[in-house]
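Tertiary structure, described
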Amino acid sequence: LTVQDYIEILKPLKDQNIFEKDELKLSVIISDKNAPGRWYKDDKPLEQSENIIIESLNGKHEITIFNCKLEDAGQYKFVAGDA
């Protein structure tokens, strides 16, 4: 018998429109406060950099993109387990 964690997204992402050079902050809250997760843009994993800060604490996962550029537009998602 194998039992896997059930992870549910309690606060999902919302669509946002911002202007170039603005700051974008996206956050989700998941049911398992200790579950790791990963951010994606257009199905490609995102990594922290000088313009991107990725934070996780007690089930709340946030990404902040500073000084947004036109190429930052796209579809962002957060994946934890099967959620």
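Please refer to the structure placed before this passage.
Residues numbered from 1 in each chain as written. Predicted model: local features only at pLDDT ≥ 70, side-chain atom pairs only at ≥ 80, totals over all residues. Heavy atoms only, no water.

Quick look at the environment of K25
Under the convention used in this document: Strands are runs of DSSP state E lasting at least 2 residues, helices are runs of H or I lasting at least 4, and numbering of each runs from the N terminus. Classification of residues uses two cut-offs on accessible area relative to the type maximum, computed with a 1.4 Å probe and protein chains only: under 20% is buried, over 50% is exposed, and between them is partly exposed. Contact definition: two residues touch when any of their heavy atoms are within 4.5 Å.
Relative to the elements of secondary structure, K25 occurs in strand β2 (residues 24-30). Relative accessible area serves as the criterion here: at 42%, K25 is assigned to the partly exposed category. C-alpha separation for the pair K25 and I52, spaced 27 residues apart in sequence, amounts to 9.8 Å. If sequence neighbours within four positions are ignored, K25 has contacts with Q16, E62, I63 and T64.

Quick word on the sheet that holds strand β4 (residues 44-45)
Hydrogen bonds between backbone groups are what pair the strands of a sheet, and the pairing can be parallel or antiparallel. How we decide: One bridge is not enough; two strands pair if DSSP finds at least two bridges between them.
Across the sheet, which stays open at both edges, the three strands sit in the order β4-β3-β7 with antiparallel pairing between neighbours. Looking at strand neighbours, the two that pair on one side only are β4 and β7 (76-79), the edges of this open sheet.

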